[in-house]
Amino acid sequence: MAENTAQSDPTRFDKPYNPREVEDRWYRHWIDRGYFSADENSTSPRRFSIVIPPPNITGSLHLGHALNNTLQDILVRWKRMQGFNTLWVPGTDHAGIATQNVIERQLKAEGTSREILGRAEFIKRVWQWREQSGRTIISQLKRLGASCDWKRERFTMDEGLSTAVRDVFVRLHQEGLIYRGERLINWCPRCGTALSDIEVEHEEVKGKMYFIKYPLADDPETFLTVATTRPETMLGDTAVAVHPEDPRYNKWIGRTVLLPLTSRRIPIVGDSILVDREFGTGAVKITPGHDFNDEKAGQRHHLPRISLLTGSGEMNPTSLEEVAKVEKSLRDELSGQKVHPAREKVVRHLETAGLLIKIEDHRHSIGKCYRCKTVIEPYLSPQWFVKINDPDPKKSLASPAIEAVRNGRIRFIPDGWKNNYFGWMEQIQDWCISRQIWWGHQIPAWYCRGTDIGQCRPECKDPIVALKTPGRCPHCGSADLVQDPDVLDTWFSSALWPFSTLGWPQKTKELAMFYPTSTLVTSFDIIFFWVARMIMMGLHFMKDVPFRDVYIHALVRDAEGQKMSKSKGNVIDPLEIMDKYGTDALRFTLASMASPGRDIKLSEERIEGYRNFANKIWNAARFILMNCPKGARVYLDSPLSDPMAISLADRWILSRLQRVIQSVNRQLEDYRFDEASRDLYQFLWHEFCDWYLELIKPTLYGTDAVAADRTRTVAVQAFEAVLRLLHPFMPFITEDLWQTFTHADSSIAVAPFPIANAPLINESIEQECESFQHVIEGIREMRGLHGIPFSKKLQAAIRLSNQAIERYLQNNHSTISALAGLSDLKIGRNVEPPVHALMGPLIFPGGQAGEIFIPLTPDTIDIAKEITKKEKRLKELAAQMEQEQKKLSNPDFTTKAPPEVFEKTKSRLQELRLEHEKLSEALKDLRGMTGGKS
Ligand SMILES: [Zn+2]
Ligand SMILES: [Zn+2]
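I will try to describe carefully the structure that is included in this document. Everything numeric here is computed off the predicted structure, so don't read it as measured data.

### Notes on the coordination of the zinc ion (ligand 2)
Octahedral six-donor coordination of a metal ideally yields angles of 90 or 180 degrees, compared with 109.5 degrees for tetrahedral four-donor coordination. Distances from the zinc ion (ligand 2) to its protein donors, Cys 448 (SG), Cys 460 (SG), Cys 473 (SG) and Cys 476 (SG), fall within 2.2 to 2.4 Å. Coordination at the zinc ion (ligand 2) comes from four donor atoms whose angles at the metal span 99 to 119°, giving a geometry best classed as tetrahedral. Expressed as a motif, the donor residue spacing for the zinc ion (ligand 2) is C-x11-C-x12-C-x2-C. Here the residue Cys 448 occupies a position in strand β18 (residues 445-448), and Cys 476 occupies one in the loop between β19 (464-465) and β20 (481-483), the gap between them amounting to 28 residues. Its relative accessible area of 11% is what places Cys 448 among the buried residues.

Below you can see the structure in the form of structure tokens.
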């Protein structure tokens, strides 16, 4: 029950806010009451849905997840409070290669391997692991406060989603959009699997360029010079290309060369695409079995493809002998060798044969496996592909996906990301979807072996693609069928996530109600892996976009802007942060730093700052409750008095509250989580706590009971509204306090989100109130600068020229005196500056509006002592400034320091200068006053 002991415990406000005490309790309350459940039977047209980017089951919550899910939760809670029928579908991803790698490492540590276990046992083992530690991430999401509809939790390999995967595969195959072909693909020799183009990370490396002689077959004294970074692959060359318009070589087109170290003759062909006349030696080797560009050139000239490697990245003795026809002595040396030793051996043989001209240093790009960082081999093997860009526009998956973003049916936020999307989609290649691993959706294709009836027809070579395991071969009737051992790329199932999680291929109520989903919240690094593919699949199978808005957030880095990594030791664990500072502080930090297009530089100080914010809210609640002896609820339920009857401070806070309500709603519409949090923070900390609660004290403690009750009503109602406004950002503390204020048998999670009451906005009240706040701030600043404690009453005179401001200040004479600690205050255009006085500017948002004078009497401050103090501090400042300046003029520092550090130093110098300037002014004033007799 919500009515619990903690609330009725009168001493709980004696202590600071303790997140650990409340977070679990309120999360359970929300779950028990089913507040996060969407209603698939609702008739309301107002609905809002989000599918979670499913975290991998390998993982535990990191800051990227914390950010991603905090932002989703803010949207979901906001919409739910606005009365939308809200669905947030949670779930996890089986993460094929990543998970398989984790389990393989475990097996290795146990002294066994997946090969020893066998496929069935291995998969059983992965499922076991998922049942145990795969649940971690879900419990951590709950810890973060994620308001998902947990009874709809899905997993990419659960029964329903697996059905959807098979269904999609079979349909695309029937439409001719999935095919099997032997093509060059990216191969990770360590993982032993194909990878899609985007699973390859490119990296610049220092390498070598080898220049090799290719003698003409009928004139061995004449040769072409070919340059390559990978001499070991020359054994798989099937032609040499020259430019058809290059007068040096074009006469040789049609002749043959004797491929060095082999007994093969290969043709010289003319190719203007592959050969750049201006660059290199003028002749280029074509190795279609080991290079993507060469594969295309090979197709143009109908050249055979030779693959020299095995799947584990070793030189294959059979192809060296039978296809490449390599000389025996070299063949014996190469068999079973990895790429690098093979390269050295080939180079040595070329040298011995006098065919190596020279070796030069050369920087070039290589590809690495995104999972294990092994160098990728372009590798010839039979794989399954999705045809992305069928020439028939009706069958193209890419065209409608491009169109949907172009015509605004899908919106990227920030808008600039759509250009990255177009750039990639317009040159997209077919998608290699088969992976030679065990963990994943096994491809629903079977091959006939026809052996049991001793015959096999030519058609039996074609794979049988079917929803259900076929009993017999449809061509020859054989029951000896074997399923394709490969599994699908993990992103194949995630591409279906927005509709598979809602029950597709069944026609469910959920699909009808919540598809297309409203918003996708994700980070830019998976726009191609995931976002683009969801758009293509959604449009193809649902005939509609999968989501309307794609909000792209940044990455979370450390305070210096460095990527967090275990090896650098700069990883911040969100769980530790939540333990230490509370979940709300972490969430608020992430939201306040989520500026469009900017990476988040997270420091613990910042999180600590927002923990203090939580304490500030807690203390405000305590103050209000303490001043409502009859309980807050009485005031929550009473009608607000006529605005004219309530005090200036009350009218001011109500006006400011309406503005912050307007702004938070608007900022959230625009996905400006940072601006919304900034406004909330400013309002609650500075306006509500620092000013308003101070301003109402005289009324609360005064003798006019009616006035005090009016103010209580405003204070309680304004605070309660702020709690609701803040709830999506800080769900736990707001629920806890809201329950204390309302004793409702409900939850703030389903209370209405505030809507601004525009008539309460009052420009002139705001100006009046803010005028005297600036005066009080000005006097406080002067006290600070000269070390005058608040306990020392001062006289002050204010000279200004604006009549309206003068009236505002006169109206609030007593408030200014009370809050600035004054015994006497003069305000006016004709105020004469006292002879011995400290002078300070009266600063308004538009600039300086006047001067503040504080007459000096011997007992205000000890001038001599104050002068000595300031002189000492000025010296310190000068020394510090010199130090920073030295750093900045050191070329070593300016070129080598990370930009973050450089900027920090610059702004530090700026701060020191500012303080120095202010202090010098103040010192000048003081010296002037002593008249030289100090
Ligand atoms: Zn790998
Ligand atoms: Zn057959």
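### Considering the sheet that holds strand β16 (residues 431-432)
With respect to topology, four strands assemble into an open sheet ordered β6-β5-β14-β16, the strand pairing being antiparallel. Each having just a single partner strand, β6 (193-195) and β16 make up the two edges of the open sheet. In this sheet, strand β14 (residues 377-386) lies alongside strand β5 (residues 178-188) in antiparallel orientation, the contact comprising ten bridges. Residue pairing for β14: Asn 186 is matched across the bridge by Pro 378.

### As for the packing of aromatic side chains
For the structure shown, the criterion picks out 40 aromatic pairs. The rings of Phe 588, Tyr 610, Phe 613, Tyr 681, Trp 685 and Phe 729 are connected pair by pair, giving a single aromatic cluster. A cation over a ring is seen here: Arg 46 above Phe 84, with NZ or CZ 4.3 Å from the ring centre. Directly above the aromatic system of Trp 78 lies the positively charged group of Lys 79, at a separation of 4.5 Å from the ring centroid.

### Some remarks on the coordination of the zinc ion (ligand 1)
Taken together, the protein ligands of the zinc ion (ligand 1) are Cys 188 (SG), Cys 191 (SG), Cys 369 (SG) and Cys 372 (SG), with distances of 2.2 to 2.4 Å. Sequence spacing among the residues donating to the zinc ion (ligand 1) works out to C-x2-C-x177-C-x2-C. On the criterion of sequence distance, the pair formed by Cys 191 in the loop between β5 and β6 and Cys 369 in strand β13 (residues 356-369) is long-range, its members being 178 residues apart. Pair check on accessibility: Cys 191 and Cys 369 agree, each one buried.

### Examining helix α20 (residues 583-593)
Where burial is concerned, most of α20 is hidden: eleven out of the eleven residues are buried. Listing the buried residues of α20 in full gives Thr 583, Asp 584, Ala 585, Leu 586, Arg 587, Phe 588, Thr 589, Leu 590, Ala 591, Ser 592 and Met 593.

### Brief notes about the nonpolar core
Looking at soluble globular proteins, one finds that nonpolar side chains tend to be buried together. Counting 218 residues, the largest nonpolar core has Phe 492, Phe 688 and Phe 729 as its most contacted members. Counting residues per element, this core draws most heavily on helix α24 (residues 673-695), at twelve residues. Among residues more than four places away in sequence, those in contact with Phe 729 are Ile 74, Asp 584, Arg 587, Phe 588, Ala 591, Val 664, Leu 668, Phe 673, Ala 676, Ser 677 and Leu 680.

### Digging into the sheet that holds strand β28 (residues 837-844)
Ordered in space as β27-β26-β29-β28, the four strands form an open sheet in which the pairing is mixed. Each of the sheet's edge strands pairs with one partner strand only, and the pair in question is β27 (822-828) and β28. Pairs of neighbouring strands in the sheet enclose a mean axial angle of 25°, with direction left out of account. Pairing geometry for strand β26 (residues 794-800) and strand β29 (residues 847-855), over four bridges, is antiparallel. Bridge pairing in β29 links Ile 798 to Ile 852. Across the sheet, helix α28 (residues 763-786) is in contact with β26, β27, β28 and β29; its angle to β28 comes to roughly 140°.

### Section: helix α29 (residues 803-811)
Of all the positions in α29, only Ile 805, Glu 806, Tyr 808 and Leu 809 are classed as buried. All buried residues of α29 fall inside an arc of 160° around its axis, so they share one side. Here the buried face of α29 lies against α28, β26, α30 (813-820), β27, β28 and β29. The distance from a side-chain oxygen at the start of α29 to the backbone nitrogen of Ala 804 is 2.8 Å, and the residue carrying that oxygen is Asn 802.

### Some points on unusual backbone geometry
Note the cis peptide between Trp 504 and Pro 505, where omega equals 5°. With respect to the secondary-structure elements, Pro 505 resides in the loop between α16 (497-500) and α17 (509-514). A cis geometry characterises the amide bond from Tyr 515 onward to Pro 516, with omega recorded as -5°. Take Pro 516: it is sitting in the loop between α17 and β22 (517-523). One non-glycine residue, Leu 261, adopts positive backbone phi at about 70°. Summarising the element assignment, Leu 261 is placed in the loop between β10 (256-258) and β11 (265-270). Look at His 302: it is not a glycine, yet its phi comes out positive at around 55°.

Thresholds, definitions, all that
- Residues numbered from 1 in each chain as written.
- Chains lettered and ligands numbered in written order.
- Predicted model: local features only at pLDDT ≥ 70, side-chain atom pairs only at ≥ 80, totals over all residues.
- Heavy atoms only, no water.
- Donors = N, O, S within 2.8 Å, 3.2 Å for Na, K, Ca; no water.
- Tetrahedral: all angles 85-135°; square planar, octahedral: opposite > 155°, others 65-115°.
- Helix = DSSP H or I, 4+ residues; strand = E, 2+ residues; numbered from the N terminus.
- Buried < 20%, exposed > 50% of the residue type's maximum accessible area, 1.4 Å probe, protein only.
- Pairing = 2+ DSSP bridges.
- Phe/Tyr/Trp six-rings, centres within 6.5 Å; stacked < 30°, edge-to-face > 60°.
- Lys NZ or Arg CZ within 6 Å of the ring centre and 35° of its normal.
- Core = buried A, V, L, I, M, F, W, Y, C linked by side-chain atoms within 4.5 Å.
- Contact = heavy atoms within 4.5 Å.
- Axes fitted to C-alpha atoms, helices over the stretch in contact; angles between N-to-C directions.
- Arc of directions from axis to C-beta.
- Polar contact = N/O pair within 3.5 Å; in protein donor to acceptor, adjacent residues only side chain to side chain.

Everything listed here is a matter of geometry and, on its own, says nothing about what the molecule does.
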